[in-house]
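Report on the structure
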Amino acid sequence: MTALPGETPGTVGTDTPVAAEPPAATDAEGPAHAEAPAADESAEATEPAADGSGNAETSSEDPPAGDAPAGDAPAGDAPADDASTSASTGEEGEAAAAAALSEAQAELAAQRELREKIAKRKAEKEGPVAAGTKLSGTAADLLAAVRAVESGEKAGAEFFDSPAPAPAPRRAAPAPAGQPPRPAPASAAPVDRTASPEAVDAVRAVLTKGGAPEALAAPATGTLGEQAAELLRADPWQLLAVPGVRPEQADGFARALLGTACGPDDERRTAALVGWLLERAALQGHTALDAEAVRAALAERAVSDPEEAVRNAVEEGVALVFQEGTDPTEPDAAYEEDGEAPAEAETGTEAPEPVQVLLGLDRYALAEESLADGLARLMNACEKGADWAEAAAAAPSPSAAELIRTAATAGLVAHSGGEAARAEPAALIAAARGLGLRALGATHSEDGRRRLAEAVGAPDAAVTLAGLLSDAEGPGRDEDGALALDLLVVLDAPQLDVEGAAVLVEALADGVRLVLSGDPGVLGSAGAGRVFADVLAARACPQVVSRTPDPGPIGELVSGIGIGELAQVEAPGKEVVIVPVRDAGEAVHRTVQLVADSVPRAFSIPAGDTQVITVGHGGAAGTRALNEALKQRLNPGPGRFGGFDPGDRVIHVPAPGRAVPGVVRSADAEGLHLECGGVPVVVPQERVESAVRHGWALSAHQAAGMRWPAAVVVLPGDAAAGLSRPWVYTAFGRGERHLSVVHGVDQALPHAVAQIPAQERTTRLRPLLEAVPTPDAAS
C-alpha cells in the first residue's frame, strides 16, 4: 500500500497483539421516525439516524434517549453474575419439594402454570388475548392482515390495491407465453396517519401535568393513537412506547400523575418495561431475547420479582413466550410431567439439553413464522419447467453456470459471494429472460439497481426492493394479488430484515423461484432479524458459493479481511493508500484534503464521486463534523433551506433503514427539492430535520449496498471501540478504483479484523426453517 503524492505513507500490520480497547459511549441512533426529544436530552442527542439501523456506532457524545449509556448494559448483554442473582426464586407458598427442582424442572413447571393461567384468562373472555393492540402504522396493518388471512376471514388479495377476487387457494402465476403483460394495479393514495389537532392538544395537557416536554405530544399521539391522552392517564408508562423515552423519564412522569399510587412493582410499569426491553433489543437486531436476560434487566431496574413481572407481561399480551430445544410434552423430554427424571436418565443415558425460553414481540414472531412458512411453500412448489441446460452452458463463468443449474431445479436458492460475484445473478436473470420467463432482480439501493441493470443489459430487469414492494417499480400484480414473476433474485440479501422479507415472500405465487444473493461478510440489516444468515445456517435449501474473486488490490485486501486477516497488499497504481494521523482534528483536515485535492489530482475522480465513511455520527471526526468541514470546502453557503443549500450532497431517509443519496436542488413552500438517482423528490418542511442530513460523510451502515469510484475511510482514535470485522469489511469494500484509509487507531484495526466478528443476533428463523418439510433437492 502506498501514499498519494504529498501524503505520509504508512502500513497496517497484524503481528502485534493488542488488548481490547475499553468500551466507549455509543451513538446508537434509532429509527428515523424518532423525532421528539426526551425529557432531559438535547435536540442534537435525539437526531434520528439517517441509516435507521439502530446499530450502535461509536461517538464521543452522550447517547440519545432510548439507548443505553456506557454503564447501562443492554438486556441481551447482562453480566452472567447479575443474571444468576436475578434468576427466578419461586412464589411463596409453593410446596417444599419445588425447592429441590433443577432449573430445567422449575422452568417447565413455570411454563405449565403459565399455560393454565393463559387458558383460564382466555376462557373468561369472549375472544383471545388481543396481543399487538399497542402497535401502530405498518406493523399494525401487517398484524391485522396476517391474522385475517390465517383465520380465513379475508383473502390475501384483499390487502392489495386491486379489487379482491373470490377467496381461492394460491396458485402459480400463469406463464407469459402468448399473453400480454398485465398492468399494475392503480396505487391507492397513502393513508394519512397524522394525528388530529384535538388529540395532540389533549396529550399535550397530560404531558404538561406530568412534567414531560410538550414536544412529545405529536409523537405520542402518532404512536398511541387518538386515545393517547386517556391511555396515558390510565397508564403513564405507556409513554415508554414513544421512541426516545427512557424508563427513568417514564417513572418520573408516572409519579407526577399517580403520586403514591404507583411503585416499582406496579404491573403497568413492569409490563411496559418488558416491552421496552424487547423494542430496544429489536433496534440491535434481535427478534427475541432470552427470558433470563430480561429478568436480569428488570432486576436492575428495581423490580423485586422479575419472574412474576415476566409472567404478567406474557399474560397481558405484551410479549410472547417461546421454547427452543426439547419439547416438554414429548415422551423423551428432559423431565416427565410429574417432575421425575425419565428412566433413561437414571440409567446413565445423556439427558436432552434444557429448554431455552425466549421472549419476543408478536410482530416479529408473526413475521418469522410467516417467512418460514412462505419459504417452505416456495421450496415445495417448484417445478422444473423450461430446459435450462443450454443457458447454463452459455454462462459467462463456472459459478454462473452452477447458479443457473441450481435455480432450474429449486424454488429457493442461497447464493453468496463478493462484489465480483454480482455478475452471476445478473447472468441468471438474463438466462431466465432468454427462456421467456418473467425474471427480475431487486437490490437494496438505487446504485445497486443501476449496476445490476447494466450487468443484465436491460433497464427493466432491476428494481429496488422498496419500489417492488410498494408497486412503484416492477411488473405489478396478477389477479391473485401476487407479483407477476417467475423468478426473483434479491441482491444485497444481508440487508433484508425479517418483516420486509416476510412481506416479500408472501407476495410471491407458488412456483416462483426465489434466489437470495449477497455477501455474508457485510454488516447486517438495519431492522430486526438476520434473514440471509439464518437461511444459510439452516441449510434448508441449495447453496451456491461463488468462486469469482474480487479483482485488484482492493479486492485482495477485502477478501483477506473477510477471513480475519489484514494483510499488506501491493498497490502499484496507488489503489490503496494509508494516511496515518495523530488525532481527530488532523483526521478531519486530511480527509478534506484527500476529497478536495489529492484524489481528484491523482485519479481524475471528482469530489462528488468520492465517498467518506466513518464509524459514528458524533465525535470530533464523526459524520456531523466531517460533513460540516466538507461543506465549507466543497459547497459553502449559509444553509438558508433548513441548513441546506443547492448543490449539497445529502442522504434522504424516506423510511427507517433506507438511506438514499441525493443532491439538493431548491426549496419552496412545498419543501426541500432533491434529486435522488435522477428522480426528483420533495421532502415536506416538517420532515426535513428528521429525514435529511448532509451526505459527504456516511456511516458504514448507510453505505452498505452502494459503491463509489473512490472511498475515504476515516478511523479516528476514539473510533476503536466501534470497529468490528463486518464494519471494516463493509467500509473498505465501498471504493471501486481507490481506497484511502485515514488511520488513527493503531493496532485496534488489525485487532478488530482478527478478533471481533459480527455481533450475534437472537432470532427464531433458523430453527423454524430447520423444522419445515423440504423437498429432496434441498437436502
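Going by the structure above, here's the rest.
Residues numbered from 1 in each chain as written. Predicted model: local features only at pLDDT ≥ 70, side-chain atom pairs only at ≥ 80, totals over all residues. Heavy atoms only, no water.

**Some remarks on the sheet that holds strand β7 (residues 487-490)**
Rule in force here: Whether two strands pair depends on DSSP finding at least two bridges between them. Strands here mean DSSP runs of E at least two residues long; helices mean DSSP runs of H or I at least four residues long; both are numbered from the N terminus. Each axis is a line fitted through C-alpha atoms, and for a helix only the stretch in contact is used; angles between axes span 0 to 180 degrees, taken between their N-to-C directions.
As summarised here, the arrangement of the six strands in space is β6-β5-β7-β8-β4-β9, forming an open sheet in which the pairing is parallel. The two strands at the open ends of the sheet, each matched to only one other strand, are β6 (462-464) and β9 (543-545). Strand-to-strand, the axes of this sheet are offset by a mean angle of 20 degrees, without reference to chain direction. Note: β7 against strand β8 (residues 513-518), four bridges, orientation parallel. Counted as the bridge partner of V489 is V515 from β8.

**What about the side chain of E368?**
The test is simple: Burial classes: relative accessible area under 20% of the type maximum marks a residue as buried, over 50% as exposed, and values in between as partly exposed (1.4 Å probe, protein chains only). As used in this structure description, the phrase polar contact means that two N or O atoms lie within 3.5 Å; if the pair is within protein, one of them must be able to donate a hydrogen and the other to accept it, and residues adjacent in sequence are counted only when both atoms belong to side chains. Any pair of residues with heavy atoms lying within 4.5 Å of one another is described as a contacting pair.
Its place among the elements puts E368 in helix α12 (residues 362-380). The class of E368 is buried, set by a relative accessible area of 1%. A distance of 2.9 Å separates the side chain of E368 from the side chain of T287, its partner in a polar contact. Residue contacts for E368: discarding those within four places in its chain leaves T287, V498, T763, R764, L765 and L768.

**Side note on the pattern of salt bridges**
Where we set the bar: Definition used for salt bridges: Asp or Glu carboxyl oxygen within 4 Å of a side-chain nitrogen of Lys or Arg.
Counted under the stated rule, the structure contains 33 salt bridges. Here E419 ties to R734 by a salt bridge, and the two come within 3.7 Å at their closest N and O atoms. Placement of E419 in the loop between β4 (412-416) and α15 (423-434) and of R734 in the loop between α25 (725-732) and β19 (735-743) is noted, with a sequence separation of 315 residues between them. Residue R734 is classed as buried on the basis of its relative accessible area of 4%. Residue R477 pairs with D471 through a salt bridge whose shortest N-O separation is 3.1 Å. Considered together, R477 and D471 belong to a single accessibility category, that of buried residues. Each of E419, D447, R450, R451, E454 and R734 takes part in one network of salt bridges that share partners.

**Some words on the side chain of T223**
By the secondary structure assignment, T223 is in helix α5 (residues 217-224). Polar side-chain contacts of T223 include one of 2.9 Å to the backbone oxygen of P219.

**Some words on unusual backbone geometry**
Peptide bonds are mostly trans, and most non-glycine residues show a negative phi. Not every positive phi belongs to a glycine, and A302 is a case in point at roughly 70 degrees. Tracing the backbone shows A302 in the loop between α9 (291-300) and α10 (306-315). Relative accessible area serves as the criterion here: at 48%, A302 is assigned to the partly exposed category. Positive phi is not limited to glycine here, since R539 has a value of about 55 degrees. Within the element layout of this structure, R539 appears in the loop between α19 (531-538) and β9.

**Examining the nonpolar core**
Here is a general trend for soluble globular proteins: nonpolar side chains tend to be buried in one another's company. Here is the rule: Residue types Ala, Val, Leu, Ile, Met, Phe, Trp, Tyr and Cys, when buried and joined through side-chain atoms within 4.5 Å, form a set referred to as a nonpolar core.
Grouped together as the largest cluster of nonpolar side chains are 92 residues, with contacts concentrated most on L298, L371, L488, L514 and L516. At nine residues, helix α8 (residues 267-283) tops the list of elements feeding residues into this core. Residues contacting L488, with those up to four places away along its chain left out, are L440, A442, L468, L504, L508, R513, L514 and V515. Counting 39 residues, the second largest nonpolar core, distinct from the first, contains I561, M706, L723 and V728.

**A word on the sheet that holds strand β18 (residues 708-715)**
Reading across the sheet, the five strands line up as β10-β19-β18-β11-β17 and stay open at both edges, with parallel pairing between neighbours. Single-partner strands in this sheet number two, and they are β10 (576-580) and β17 (697-699). Across the sheet, the mean angle from the axis of one strand to that of its neighbour is 25 degrees, orientation sign disregarded. With five bridges connecting them, strand β11 (residues 610-614) and β18 associate as parallel partners. Across the sheet, the residue bridging to T610 is A710, located in β18. Across the face of the sheet, helix α21 (residues 584-603) comes into contact with β10, β11, β18 and β19 while running at roughly 150 degrees to β19.

**Overview of the packing of helix α20 (residues 552-562) against α25**
As a reminder, the rule being used: In these notes the angle categories are as follows: under 35 degrees is roughly parallel, over 145 is roughly antiparallel, 65 to 115 is roughly perpendicular, and the rest is oblique. Definitions for this section: a left-handed crossing has its near helix turned counterclockwise from the far helix by less than a right angle. A right-handed crossing has that turn clockwise. Residues are sorted three ways: Asp, Glu, Lys and Arg are charged, Ala, Val, Leu, Ile, Met, Phe, Trp, Tyr, Cys and Pro are nonpolar, and all the rest, Gly among them, are polar.
Contact geometry for α20 and α25: axes closest at 9 Å, N-to-C directions at 165 degrees. Relative to α25, the element α20 is oriented roughly antiparallel. Read as a crossing pair, α20 and α25 show a hand that is left-handed. Contacts from I554, L557, V558, I561 and G562 of α20 reach α25 at R725, V728, Y729 and F732. Here the residues of the contact of α20 with α25 are counted per class, giving seven nonpolar, one polar and one charged.

**Notes on helix α4 (residues 197-209)**
Keep this limit in mind: One less than the number of residues in a helix, times 1.5 Å, gives the span that helix is expected to have. Comment: arc refers to directions from the helix axis out to C-beta atoms.
Between its terminal C-alpha atoms α4 stretches 18 Å, which fits the 18 Å expected from 13 residues at 1.5 Å a residue. Those residues of α4 that fall on the buried side of the exposure criterion are A199, V200, V203, V206 and L207. Looking straight down α4, one finds its buried side chains confined to an arc of 125 degrees; they lie on one side. With respect to the buried face of α4, the exposed residues turned more than 90 degrees away are P197, E198 and K209. Against the buried residues of α4 lie α5, α6 (228-234) and α7 (247-258). Following α4 by one or two positions, G211 has its phi on the positive side, about 80 degrees.

**With respect to the packing of aromatic side chains**
Where we set the bar: Centres within 6.5 Å make a pair out of two Phe, Tyr or Trp rings, where for Trp the six-membered ring is used; the pair is then stacked when the planes are under 30 degrees apart, edge-to-face when over 60, and tilted otherwise. Note on criteria: charge over ring means Lys NZ or Arg CZ within 6 Å of the ring centre, with the direction from the centre no more than 35 degrees off the ring normal.
Under the definition given, this model contains zero aromatic pairs. The ring centre of F641 lies 5.1 Å from the NZ or CZ of R640, which sits over that ring. Taking NZ or CZ as reference, R764 lies 3.7 Å from the ring centre of F322, over its face.

**Notes on empty space enclosed by the protein**
Leftover empty space is mapped by rolling, across the atoms, a probe with the size of a water molecule. Rules: Residues are called lining when one of their atoms sits within 4 Å of a cavity or pocket point, these points coming from a 1 Å grid over the protein atoms alone, where a cavity is a set in which a 1.4 Å probe fits but cannot get out and a pocket is an open set with protein on both sides within 12 Å along at least five of seven lines. Grid points are joined across faces, edges and corners, and a volume is the space filled by probe spheres set on the points.
Applying the stated criterion across every chain yields a total of seven cavities of 30 Å³ or more. Approximately 200 Å³ is the volume attributed to the largest cavity. For the largest cavity, the lining is made up of 19 residues, of which E419, R422, D492, G518 and D519 are closest to its centre. The residue makeup of the lining of the largest cavity, split by class, is six nonpolar, seven polar and six charged.

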